[in-house]
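Below are the chains, spelled out letter by letter.
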Amino acid sequence: EVQLVESGGDLVQPGGSLRLSCAASGFTFSSYAMSWVRQAPGKGLQWVSGIGSSGGSTSYADSVKGRCTIPRDNAKNTLYLQMNSLNPEKTAIYYCAASTVWGTSVSEYNYWGQGTQVTVSS
């Protein structure tokens, strides 16, 4: 059974940092590109960041560039999202997702996690 389990979501103050994790199982993690996608209250899905299967390629949405990194550990089948300088606009449910093709659209992702809530508020 394929599973993507996110963790690390929390209530954090503006300006704070948070590291999200996504534990993968049931598929060959190192063969898939991985992404983080978020959904803010009342809004649609927004792609945040992606990383190639080997970790050699990364990409970030303009809204997070310079304030996020997306490392992965293929030995541990785990994806991360390190977020710094958080502001209330980053409040959302954050999902990790797997795709066989690097750079494909969100609608084409193969597997999704259940999400983890990030709330940025004072």
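To keep things clear, this report deals only with the structure shown in the data block. (Residues numbered from 1 in each chain as written. Predicted model: local features only at pLDDT ≥ 70, side-chain atom pairs only at ≥ 80, totals over all residues. Heavy atoms only, no water.)

**Structural notes on the overall build of the protein chain**
Broken down by element type, the protein chain carries zero helices and 12 strands. When its helices and strands are written in sequence order, the protein chain yields β-β-β-β-β-β-β-β-β-β-β-β. Over its C-alpha atoms the protein chain spans a radius of gyration of 13 Å, differing by no more than 12% from the 14 Å that the globule rule assigns to 122 residues. Seen along its three principal axes, the alpha-carbon backbone of the protein chain occupies a region of about 40 × 25 × 25 Å. For the protein chain, the proportion of its 122 residues judged to be buried stands at 41%. A separation of at least 24 residues holds for 57% of the contacts in the protein chain among residues at least 6 apart in sequence. A total of about 6,100 Å² of accessible surface is found on the protein chain, and carbon and sulfur atoms cover 45% of it. Side chains of the protein chain give 8 positive and 7 negative charges; the mean places of these two sets differ by 8 Å. (Helix = DSSP H or I, 4+ residues; strand = E, 2+ residues; numbered from the N terminus. Rg over C-alpha atoms; globule rule 2.2 N^0.38 Å. Buried < 20%, exposed > 50% of the residue type's maximum accessible area, 1.4 Å probe, protein only. Contact = heavy atoms within 4.5 Å. Areas by Shrake-Rupley, 256 points an atom, 1.4 Å probe, with all protein chains shown as cover. Lys, Arg positive; Asp, Glu negative; His and termini not counted. Charge placed at Lys NZ, Arg CZ, Asp CG, Glu CD.)

**Remarks on the environment of Thr78**
Position of Thr78 among the secondary structure elements: in strand β9 (residues 78-83). Residues Thr78 and Thr91, 13 residues apart in the sequence, show an inter-C-alpha distance of 23 Å. Once residues within four sequence positions are removed from consideration, Thr78 is found in contact with Ser21, Cys22, Ala23, Phe29, Arg72 and Asp73. Here Lys76 takes part through its backbone oxygen, which lies 2.8 Å from a polar atom of the side chain of Thr78. (Polar contact = N/O pair within 3.5 Å; in protein donor to acceptor, adjacent residues only side chain to side chain.)

**Looking at unusual backbone geometry**
A positive phi angle is found at Asn77, which is not glycine, with a value near 55°. Counting through the fold element by element, Asn77 comes out in the loop between β8 (72-73) and β9. Look at Asn77 and you get partly exposed, because its relative accessible area is 29%. For Ser85, which is not glycine, the phi dihedral falls at a positive 50°. Looking at the element boundaries, Ser85 is found in the loop between β9 and β10 (92-99).

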